[in-house]
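Take a look at the letters that make up each chain.
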Amino acid sequence: MRRDIPLADLSDFLALPIVAVLATYRRDGGVLLSPVWHQWREGGFDVVVYPTDIKVRHLRRDPRASILVYENEPPYRGVEIRTTAELRETGGLEVIREMAVRYLGKEVGEAYAAESGDSLLIRLEPGDLRTWDFSDDF
């Protein structure tokens, strides 16, 4: 197993539309794990959510978060970031459209984005970073 792979060496992996797992913290300290769409952009992950999403309430109270992106087939590459999340305005529908097209394809993604309402961007930039793959094992 290779570890501590530079993110630059994982750019093709980070470009894949893999559903990620976002961890936020409940009021009682328990962890909520949520499947999320993501986009790697400018050295961090973007996740788009609705303003009423429970993840937003969690992050407003406790901004600690982790995101995990990994492959289900060889070479089983993965990235985990533990960080302090930032909530930002999306700046319009373009971010939503890009994300929806990335996961759903052009036609369905554009239709999905057109129907979307207000949203917020969760920005996760590397704090504690863990990367790996098993390419040497195959």
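Above this text you will find the structure in question.
**Some remarks on the environment of Leu32**
Following the sequence through the fold, Leu32 ends up in strand β3 (residues 31–36). Considered as a pair, Leu32 and Leu22 are 10 residues apart in the sequence and their alpha carbons are 8.0 Å apart. In this structure Leu32 touches Leu22, Ala23, Thr24, Arg26, Ile54, Lys55 and His58, once residues within four positions along its chain are discounted.

**What to know about the sheet that holds strand β1 (residues 2–3)**
A sheet is described by the order of its strands in space; here six strands give the open sequence β1-β10-β7-β6-β2-β3, paired in antiparallel fashion. The open sheet terminates on both sides in strands that have one partner only, identified here as β1 and β3. Pairing geometry for strand β7 (residues 78–84) and strand β10 (residues 128–133), over five bridges, is antiparallel. When the bridges of β10 are listed, Gly78 appears paired with Trp132. Set on the sheet, helix α2 (residues 54–61) makes contact with β2 (20–25), β3 and β6 (64–70); between it and β2 the angle comes to about 50°.

**Some points on the layout of surface pockets**
Of the voids in this model, the largest pocket is the one considered here, and its volume is about 240 Å³. Forming the boundary of the largest pocket are 14 residues, of which Trp37, Val48, Val49, Tyr50 and Tyr112 lie nearest the centre. For the lining of the largest pocket, the secondary-structure elements that each account for two or more residues are β5 (44–49) and α3 (93–104). Per-class residue counts for the lining of the largest pocket are 10 nonpolar, two polar and two charged.

**Comments concerning the sheet that holds strand β4 (residues 39–41)**
The antiparallel open sheet is built from four strands, whose spatial order is β4-β5-β9-β8. Pairing within the sheet leaves two strands with one partner each, and these edge strands are β4 and β8 (86–89). Averaged over neighbouring strand pairs, the angle between their axes works out to 35° when direction is ignored. Packed on one face of the sheet, α3 meets β4, β5 and β9 (120–124) and runs near 100° to β5.

Basis of the calculations
- Residues numbered from 1 in each chain as written.
- Predicted model: local features only at pLDDT ≥ 70, side-chain atom pairs only at ≥ 80, totals over all residues.
- Heavy atoms only, no water.
- Helix = DSSP H or I, 4+ residues; strand = E, 2+ residues; numbered from the N terminus.
- Contact = heavy atoms within 4.5 Å.
- Pairing = 2+ DSSP bridges.
- Axes fitted to C-alpha atoms, helices over the stretch in contact; angles between N-to-C directions.
- 1 Å grid on protein atoms, 1.4 Å probe; cavity = no way out; pocket = protein on both sides within 12 Å on 5 of 7 lines; lining within 4 Å.
- Points joined across faces, edges and corners; volume = space filled by probe spheres on them.
- Nonpolar A, V, L, I, M, F, W, Y, C, P; charged D, E, K, R; others polar.

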